[in-house]
Amino acid sequence: MAQVTQNPNKNIKEYDLIDQGDKDQLLGFGKGMALPVPKSTIQELIHQQGIERPESVALISDQGETLTYSALSSRSSQLAQAIDAHFENKRSHNRVVGIRYERSLDMIVALLGTLSAGATYVPLDPMYPWQRCQTILQDAGAELLLSDKIAPATVSQEIPSYSVSELLDSIK
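Read on for an overview of the structure. (Residues numbered from 1 in each chain as written. Predicted model: local features only at pLDDT ≥ 70, side-chain atom pairs only at ≥ 80, totals over all residues. Heavy atoms only, no water.)

### What to know about the sheet that holds strand β3 (residues 96-100)
Then comes step 1: Strand order in this open sheet of four strands is β4-β3-β5-β6, and the pairing throughout is parallel. Across the chains shown, the open sheet's two edge strands, defined by having one partner strand only, are β4 (120-123) and β6 (161-162).
Then comes step 2: Note: β3 against strand β5 (residues 144-147), four bridges, orientation parallel. Pairing of G98 across the sheet is with L145, part of β5. (Pairing = 2+ DSSP bridges. Helix = DSSP H or I, 4+ residues; strand = E, 2+ residues; numbered from the N terminus.)

See the structure below:
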C-alpha cells in the first residue's frame, strides 16, 4: 500500500506485491537439504507404530471414536488375511477391491487391509449412485467390494459386497 500512496501514477504491474524478504523466502523453498524418504510402506509404518506405541491413538473419527495403533494394525492385518482368503480360489491375478465408505475408522482399515493384502483399491464416492459404482467396479475388474452400505442385488450378484466387520467375521 505504501508503494501506491508514494507513487500513485505507476502502472499496477510495476508495483511489488510482496517485499524482498518474502520473495527470497518463497524462492528458497525446495532448495534446502533433501530429507531421506522412508523405504517402508504406509502399512509397515502403521504396524511398527503398533509395536512401539500400541496404546497411542492412531485415528479419531468425526464422531469422536478412537482407534489405537495396535488395534489399527491388528484389524488391518486381519482384513488383509480375509481379502487373501477371498482371492485364494480366484483364477485371476487381478486383485482389485472397491472401497465405498463414508469417512470413518473402517474406511482407513479397509484401505490399509487392502494394501496389506497386495491388492489394488478403487475408491468410490459414497455419493455416487450404485449404478455408477457398478460400472466403475466392472471397468476396474474388481472382484470384491468393501462398503458401509448394503449393495443392491444388481451389484452384489456380480461382485461380493461386505462391510469390514462382516469380512472380518467371515474368517473367525
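### Digging into the packing of aromatic side chains
Then comes step 1: One pass over the full model with this rule turns up zero aromatic pairs.
Then comes step 2: Lying across the ring of W130, R100 places its NZ or CZ 3.8 Å from the centre.
Then comes step 3: Lying over the aromatic face of Y128, R132 brings its terminal NZ or CZ to 4.7 Å of the ring centre. (Phe/Tyr/Trp six-rings, centres within 6.5 Å; stacked < 30°, edge-to-face > 60°. Lys NZ or Arg CZ within 6 Å of the ring centre and 35° of its normal.)

### Some points on the nonpolar core
Then comes step 1: By size, the foremost hydrophobic cluster in this structure holds 25 residues, and its most contacted members are L79, I83, V97 and L146.
Then comes step 2: At the level of secondary structure, the elements contributing two or more residues to this core comprise α4 (69-87), β3, α5 (105-116), β5 and α8 (164-169).
Then comes step 3: Ranked by residue count, the leading element in this core is α4, at seven residues.
Then comes step 4: Contacts of L146, omitting those with residues within four sequence positions, involve L79, I83, V97, G98, I99, R100, Y101, A110, T114, Y162, S163 and L167.
Then comes step 5: Within the second largest apolar cluster, 11 residues are counted, among which are L124, L137, L145 and V155. (Core = buried A, V, L, I, M, F, W, Y, C linked by side-chain atoms within 4.5 Å. Buried < 20%, exposed > 50% of the residue type's maximum accessible area, 1.4 Å probe, protein only. Contact = heavy atoms within 4.5 Å.)

### Points about the packing of helix α3 (residues 42-52) against α5
Then comes step 1: Between α3 and α5, the shortest axis-to-axis distance is 9 Å and the interhelical angle comes to 110 degrees. On the basis of the axis angle, α3 is roughly perpendicular to α5. Read as a crossing pair, α3 and α5 show a hand that is left-handed. Along its contact with α3, which presents I42, Q43 and I46, the element α5 presents L112, L115 and S116.
Then comes step 2: Residues of the contact of α3 with α5, tallied by class, amount to four nonpolar, two polar and no charged. (Axes fitted to C-alpha atoms, helices over the stretch in contact; angles between N-to-C directions. Parallel < 35°, antiparallel > 145°, perpendicular 65-115°, else oblique. Left-handed = near helix turned anticlockwise from the far one by under 90°. Nonpolar A, V, L, I, M, F, W, Y, C, P; charged D, E, K, R; others polar.)

### Looking at α5
Then comes step 1: For α5, spanning 12 residues, the distance from its first C-alpha to its last is 16 Å, which sits close to the expected 16 Å at 1.5 Å a residue.
Then comes step 2: Looking at the residues trailing α5, positive phi occurs at G118, about 75 degrees. (Expected span 1.5 Å × (residues − 1).)

### Notes on the pairing of β3
Then comes step 1: By the criterion of burial, β3 is predominantly enclosed, with five of the five residues buried.
Then comes step 2: Side chains V96, G98 and R100 project from β3 onto one buried face, and the interleaved V97 and I99 project onto a second face that is buried too.
Then comes step 3: The pairing of β3 with β4 spans four bridges and is parallel. Bridging across to β4, V97 finds its partner in Y121.

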